[in-house]
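Listed below are the residues making up each chain.
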Amino acid sequence: MTDKTSNQMWGGRFAAGPDAIMEAINASIGFDKRMAAQDIAGSRAHAAMLAATGIVKSSDAEAMREGLLTVLSEIEGGTFEFSTALEDIHMNVEARLKEIVGPAAGRLHTGRSRNDQVATDFRLWVRDQLDAAEKGLEALMKALLGQAEAGADWVMPGFTHLQTAQPVTWGHHMMAYVEMFGRDLSRVRDARKRMNESPLGAAALAGTSFPIDRHMTAEALGFDRPMANSLDAVSARDFALEFLSVASISAMHLSRFAEELVIWSSAQFRFVTLSDRFSTGSSIMPQKKNPDAAELIRAKIGRIFGANVALMMVMKGLPLAYSKDMQEDKEQVFDAADNWMLALAAMEGMVRDMTANRPSLEAAAASGFSTATDLADWLVRELDLPFRDAHHVTGALVAMAEGKDCDLPDLTLADMQSVHEGITQAVFDVLGVHNSVSSRTSYGGTAPVQVRAQVARWKEVLG
């Protein structure tokens, strides 16, 4: 495939091939060849429609459809020779098809343009990625459910400002991420439904005078319907932006969990042990076991969020309909998709393999005056104190415990009565961390009974 071939593809419009700089900046085959399967699927659907509507002979359409399968097998087998001179995947495929089936290949482009062709290919590719993300999120959520079910009644500290706040259960903490990733899953499904319309047949920007059947090609490619406006069909990239937005939010959730795993696996916390499969050693310090997979997941948000911003900047000033600027859409989405899928898979693996250190979790849960709120609630409930007064009494008792270098349950009844004489021995029933978490039975609370109910609900949802 030479520059001469390229000139022939352009129908003689240019007398000479572009110089090396123009060829380099104009060509997209280096990255859009990833859409080969989608491009060939769209072309095969288009060829079948052209025959069904009588626009081309059935024999020509069948030759094109069979020839396209040959091209696909060459690409998948690694024997296809891509040409930068032919710019993109569409023209590379069409040129090779002509070599295989002859002049009939020239009829394939009837009633369509590269503008609607690339828009169709890209939608098909993004749709495939959304399907992959759905599976990845479901697998991760099931791994989290396994952790939550195993540790539904294991106590651990709950934090605000990374300071010990109140005791919670390990299962409750795991279920918080199930809820987050569940919303990611709903966004994936919403985005897929919204973008599942076919641009094919919109042609360059105004539609075509050929009697094509856009509903037929839409159905053949699994779209719900054809897009209703040809200008919008070729110029819209909000489906790619929505993909990047969904990926960014999901990657943010992955990054937050990754940060916790980095902290929890440290020698200072010892809340979890990550498996050797998702950790590495140090080149100089033999005692080290580094949570590299979690750290790399934490870093992925930068690339994915960056892709979102970059494509926003590409699209923000473009008039309708198609501009060459839009060629810059794919590399951003390709990179973001690769990193999102990798992060989902790595996080699922870490969650399935990690071991929670129950004794360390429980010891930490009982420290830092974590049951102070339970004490304040008891004062309100049993002594009928206004909450602000109960808050003040509890604060005084915390200060006393700090002065004695002990925790609240270690104070004597006399110590407590010196702050408020109405306190009775019954107060010690609420100062244990297990009693604390068991009492939080409000819907969505940390009580084991609530955690198990949420695990059961999500198991049914995910199937």
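Further up the page is the structure itself.
As the structure is a prediction and not an experimental result, all values here were calculated from the model. Sequence order sets the numbering: in each chain, residues are counted from 1 along the sequence as written. Whole-chain, interface and lining totals are the exception, using all residues; otherwise, since this is a predicted model, local features are given only for residues with pLDDT of at least 70 and side-chain atom pairs are given and counted only at 80 or more. The basis for every side-chain value is the complete set of non-hydrogen atoms in the structure, without hydrogens or water.

**Describing the overall build of the protein chain**
Phase 1 of the analysis: The way it works is that DSSP assigns letters per residue, a run of H or I at least four long becomes a helix, a run of E at least two long becomes a strand, and they are numbered from the N terminus. What the protein chain contains, in helices and strands, is 19 helices and 6 strands.
Phase 2 of the analysis: Note on method: radius of gyration uses C-alpha positions; expected globular size equals 2.2 Å times residues raised to 0.38. In terms of C-alpha radius of gyration, the protein chain reaches 31 Å, well past the compact-globule figure of 23 Å for 463 residues.
Phase 3 of the analysis: Considering only C-alpha atoms, the protein chain reaches an extent of 100 × 50 × 40 Å along its principal axes.
Phase 4 of the analysis: When accessible area is computed with a 1.4 Å probe and restricted to protein chains, residues below 20% of their type maximum are described as buried, those above 50% as exposed, and intermediate ones as partly exposed. When each of the 463 residues of the protein chain is scored for burial, the buried share is 49%.
Phase 5 of the analysis: Considering only residue pairs separated by 6 or more positions, the protein chain has 74% of its internal contacts joining residues 24 or more positions apart.
Phase 6 of the analysis: Throughout, the Shrake-Rupley method with a 1.4 Å probe supplies accessible areas, and for residues the shown protein chains are the sole cover considered. Summed over all atoms, the accessible surface of the protein chain reaches about 21400 Å², with 53% contributed by carbon and sulfur.
Phase 7 of the analysis: Charged side chains of the protein chain number 45 positive and 60 negative; the gap between the two group centres comes to 5 Å. Note on definitions: a residue-residue contact is assigned when non-hydrogen atoms from the two residues lie within 4.5 Å. His residues and chain termini do not enter the charge count, which takes Lys and Arg as positive and Asp and Glu as negative. Charged groups are reduced to one reference atom each: NZ for lysine, CZ for arginine, CG for aspartic acid, CD for glutamic acid.

**A look at a nonpolar patch on the surface**
Phase 1 of the analysis: Each patch is assembled from residues with relative accessible area greater than 30% and no salt bridge, linking like charges that lie within 9 Å and nonpolar side chains (Val, Leu, Ile, Met, Phe, Trp, Tyr) that lie within 5 Å. Just to be clear on terms, a salt bridge is a Lys or Arg side-chain nitrogen sitting within 4 Å of an Asp or Glu carboxyl oxygen. Residues Leu-205, Leu-231 and Leu-320 make up a contiguous nonpolar surface patch of about 270 Å² in total accessible area.
Phase 2 of the analysis: Considering the arrangement of structural elements, one finds Leu-320 in the loop between helix 12 (292-315) and helix 13 (329-353).
Phase 3 of the analysis: When its relative accessible area of 64% is taken as the criterion, Leu-320 is described as exposed.

**Digging into unusual backbone geometry**
Phase 1 of the analysis: With an omega of 10°, the peptide bond between Leu-320 and Ala-321 qualifies as cis.
Phase 2 of the analysis: With respect to the secondary-structure elements, Ala-321 resides in the loop between helix 12 and helix 13.
Phase 3 of the analysis: For Leu-162, which is not glycine, the phi dihedral falls at a positive 60°.
Phase 4 of the analysis: Within the element layout of this structure, Leu-162 appears in the loop between strand 1 (155-160) and strand 2 (163-169).
Phase 5 of the analysis: With relative accessibility at 54%, the residue Leu-162 sits in the exposed group.

**With respect to helix 6 (residues 89-101)**
Since one α-helical turn is 3.6 residues long, residues separated by three or four positions face the same way.
Phase 1 of the analysis: Here, expected helix span is obtained from the residue count minus one, scaled by 1.5 Å. The end-to-end C-alpha distance of helix 6, which contains 13 residues, comes to 18 Å, matching closely the 18 Å that a straight helix rising 1.5 Å per residue would cover.
Phase 2 of the analysis: If you check which residues of helix 6 are buried, you get Ile-89, His-90, Met-91, Asn-92, Val-93, Glu-94, Ala-95 and Leu-97.
Phase 3 of the analysis: In the analysis that follows, any N or O atom pair within 3.5 Å is treated as a polar contact, provided that within protein one partner can donate a hydrogen and the other can accept it, and provided that, for residues neighboring in sequence, both atoms belong to side chains. Residue Asp-88 occupies the N-cap position of helix 6, its side-chain oxygen lying 3.2 Å from the main-chain nitrogen of His-90.
Phase 4 of the analysis: One or two positions beyond helix 6, positive phi appears at Gly-102, with a value near 85°.

**Re the packing of aromatic side chains**
Phase 1 of the analysis: The criterion for an aromatic pair is that two Phe, Tyr or Trp rings (for Trp, the six-membered ring) have centres within 6.5 Å, with stacked assigned to planes under 30 degrees apart, edge-to-face to planes over 60 apart and tilted to the rest. Taken as a whole and assessed by the stated rule, the structure comprises 11 aromatic pairs.
Phase 2 of the analysis: Joined through ring pairs, the aromatic side chains of Phe-159, Trp-170, Trp-264, Phe-269 and Phe-271 make up one cluster.
Phase 3 of the analysis: Think of it as a cone above the ring: NZ of Lys or CZ of Arg counts as a charge over the ring if it is within 6 Å of the ring centre and within 35 degrees of the ring normal. The ring of Phe-122 has Lys-330 sitting right over it, with the charged end atom 5.4 Å from the ring centre.

**A look at the pattern of salt bridges**
Two side chains with opposite charge may pair up if their charged atoms get near one another.
Phase 1 of the analysis: Tallying each qualifying case throughout the model produces 25 salt bridges.
Phase 2 of the analysis: Among the ionic pairs, Arg-96 bridges to Glu-74, the shortest N-O distance being 2.7 Å. Separated by 22 residues along the polypeptide, Arg-96 in helix 6 and Glu-74 in helix 5 (residues 58-77) bring together distant segments of the chain.
Phase 3 of the analysis: With its nearest N and O atoms 2.8 Å apart, the salt bridge here joins Arg-457 to Glu-179. Pair noted here: Arg-457 is in helix 19 (residues 448-462) and Glu-179 is in helix 8 (residues 170-195), with a separation of 278 residues, a long-range link.
Phase 4 of the analysis: The partly exposed category is assigned to Arg-457, whose relative accessible area is 34%.

**Considerations on the pairing of strand 2**
Phase 1 of the analysis: Here strand 1 runs beside strand 2; their pairing, made up of 6 bridges, is antiparallel. Note on strand 2: the bridge partner recorded for Gly-158 is Gln-166.
Phase 2 of the analysis: Paired strands, in this sense, are two strands between which DSSP finds at least two bridges. A loop of 2 residues connects strand 1 with strand 2, the two strands running antiparallel in sequence, and His-161 in this loop sits at a positive phi of about 60°.

**Structural notes on the environment of Met-91**
Phase 1 of the analysis: Mapped onto the secondary structure, Met-91 falls in helix 6.
Phase 2 of the analysis: Residue classification places Met-91 among the buried positions, given a relative accessible area of 7%.
Phase 3 of the analysis: Taking C-alpha positions, Met-91 is 52 Å from Ala-148, a pair spaced 57 residues apart along the chain.

Remember, this is a structural readout, not a statement about activity or role.
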